[in-house]
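The lines below spell out each chain.
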Amino acid sequence: MRKNIIAGNWKMNLSLEQGYGLASEIKWMVSDEVSNKCDIILIPPFTHLSGLNSLLKDSGIKLGAQNCHHENSGAYTGEISAEILKSVGVSYVLIGHSERRTFQNETNALLANKINRALENEIQAIYCFGETLEQRDAGNAFEVNLSQIKEGLFHLDTSQIQKVILAYEPVWAIGTGKTASPQQAQEIHRFVRQALTEKYGEATAGSISILYGGSMNPSNASELLGCEDIDGGLIGGSSLESRAFLDIIKAID
Ligand code: 13P
């Protein structure tokens, strides 16, 4: 069966000291309050990864990065590759977050390459997709999400796709306090799983975790996480506060 996952994307927040503080609190609270409920992933800024790898050792909490480059090494000043991430203990990497699609103009074709580099380096990709409000209002949400999935992922074979986690993050719900309703989210998740079934078969599609992200918080988490095709959350704002993050983990049934 597929895994339940709660991942905290810290984005460009928290100094090193603040990051260590938050991770220490989460580590302590997880060991005190939850046992094996789900996989837990912290996704801090690059600069925090190496130190947090030591801090989280033996805690069971995994480390993710927010991006990687589409090459393994070379003259790309300011970039970080999946190969380098692997060397500091990273197990997951976000690929295609909407903030990067928007501000860095990342295309599905580029993201497909990044996924290849991540998998080559035995890092699991968390592939983000989602429609804007304009696209939803125009009735194009299904089509937009399908093309992001097809163009970003469908070059992978069955064994490769099983190493990918998907994250539906409707752009209009990110950082806005406006969450997709459980029905709206479930409808897209089911549609995506159907597309995966058509391409890879039912057993493979049924084993892939599809997370929801976009203003998930302790008050709306249990309804969203209770939906059949929602296998966890990718949390932004509420992952910056240990109590809120823990309460979301506890909302997994
Ligand atoms: P918020 O939870 O702050 O809406 O952010 C969601 C997100 O973008 C996680 O990657």
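Residues numbered from 1 in each chain as written. Predicted model: local features only at pLDDT ≥ 70, side-chain atom pairs only at ≥ 80, totals over all residues. Heavy atoms only, no water.

Caption draft 1: Inspection of the pattern of salt bridges at higher detail. Enumeration over the complete set of coordinates arrives at 15 salt bridges. A salt bridge links Arg136 to Glu131, with the nearest nitrogen and oxygen atoms 2.7 Å apart. Residue classification places Glu131 among the buried residues on the basis of a relative accessible area of 0%. Arg190 serves as the salt-bridge partner of Asp229, at 3.5 Å between the closest nitrogen and oxygen. Of the two residues, Asp229 is situated in the loop between helix H11 (221-225) and strand E8 (232-235) and Arg190 in helix H9 (residues 182-200); the sequence distance between them amounts to 39 residues. (Salt bridge = Lys/Arg side-chain N within 4 Å of Asp/Glu carboxyl O. Buried < 20%, exposed > 50% of the residue type's maximum accessible area, 1.4 Å probe, protein only. Helix = DSSP H or I, 4+ residues; strand = E, 2+ residues; numbered from the N terminus.)

Caption draft 2: Representation of the site of the ligand in the model. The full set of residues close to the ligand is Asn9, Lys11, His97, Glu169, Ala173, Ile174, Gly175, Gly214, Ser215, Leu234, Gly236 and Gly237. Contact distances for the ligand include 3.0 Å between an oxygen atom and a side-chain N or O atom of Asn9. Ser215 is positioned with one of its backbone polar atoms (N or O) 2.7 Å from an oxygen atom of the ligand. Bound to the protein, the ligand loses 95% of the 310 Å² it would expose on its own. Of the residues that constitute the shell around the ligand, the class distribution is 3 nonpolar, 7 polar and 2 charged. (Near = heavy atom within 4 Å. Polar contact = N/O pair within 3.5 Å; in protein donor to acceptor, adjacent residues only side chain to side chain. Areas by Shrake-Rupley, 256 points an atom, 1.4 Å probe, with all protein chains shown as cover. Nonpolar A, V, L, I, M, F, W, Y, C, P; charged D, E, K, R; others polar.)

Caption draft 3: Molecular detail of the packing of helix H7 (residues 141-153) against H9. Close contact between H7 and H9 brings their axes to 11 Å; oriented N to C, the two are set at 40°. It follows from the interaxial angle that H7 and H9 lie oblique. Handedness of the crossing formed by H7 with H9: right-handed. Within the contact between the two elements, H7 uses Ala141, Phe142, Asn145, Leu146, Ile149 and Leu153 and H9 uses Glu187, Ile188, Phe191, Val192, Ala195 and Tyr200. Here the contact of H7 with H9 is composed, by residue class, of 10 nonpolar, 1 polar and 1 charged. (Axes fitted to C-alpha atoms, helices over the stretch in contact; angles between N-to-C directions. Parallel < 35°, antiparallel > 145°, perpendicular 65-115°, else oblique. Left-handed = near helix turned anticlockwise from the far one by under 90°. Contact = heavy atoms within 4.5 Å.)

Caption draft 4: Seen up close, the nonpolar core. Ranked by size, the top nonpolar core spans 66 residues in total, and within it Leu153 and Leu166 carry the most contacts. Residue contacts for Leu166: discarding those within four places in its chain leaves Tyr127, Phe129, Ile149, Leu153, Val192, Leu196, Ile208, Ser209, Ile210 and Leu211. Residues Ala7, Ile43, Tyr92 and Leu94 belong to the second largest nonpolar core, which totals 12 residues. (Core = buried A, V, L, I, M, F, W, Y, C linked by side-chain atoms within 4.5 Å.)

Caption draft 5: View of the side chain of Ser81. Tracing the sequence through the fold places Ser81 in the loop between strand E3 (62-65) and helix H3 (82-87). A polar atom in the side chain of Ser81 sits 2.8 Å from the backbone oxygen of Asn72. If we skip the residues at most four places from it in the chain, Ser81 touches Cys68, His69, Glu71 and Asn72.

Caption draft 6: Geometry of the packing of aromatic side chains. Tallied over the full model, the rule gives 4 aromatic pairs. When the ring of Phe142 is compared with that of Phe191, the centres are 4.9 Å apart and the planes differ by 75°; the resulting orientation is edge-to-face. Pair noted here: Phe142 is in helix H7 and Phe191 is in helix H9, with a separation of 49 residues, a long-range link. Phe142 sits in the partly exposed class, given a relative accessible area of 31%. (Phe/Tyr/Trp six-rings, centres within 6.5 Å; stacked < 30°, edge-to-face > 60°.)

Caption draft 7: Region of interest: the layout of surface pockets. By volume, the largest pocket amounts to about 340 Å³. Along the walls of the largest pocket sit 13 residues, with Lys11, Met12, Gln66, Glu99 and Arg100 positioned nearest its centre. Tallying contributions element by element places helix H4 (residues 98-103) first for the lining of the largest pocket, with 3 residues. Taken as a whole, the second largest pocket encloses approximately 220 Å³ of empty space. Taken together, 13 residues make up the lining of the second largest pocket; nearest its centre are Val30, Asn36, Cys38, Ile40 and Ser59. Looking at the lining of the second largest pocket, its residues break down into 5 nonpolar, 5 polar and 3 charged. (1 Å grid on protein atoms, 1.4 Å probe; cavity = no way out; pocket = protein on both sides within 12 Å on 5 of 7 lines; lining within 4 Å. Points joined across faces, edges and corners; volume = space filled by probe spheres on them.)

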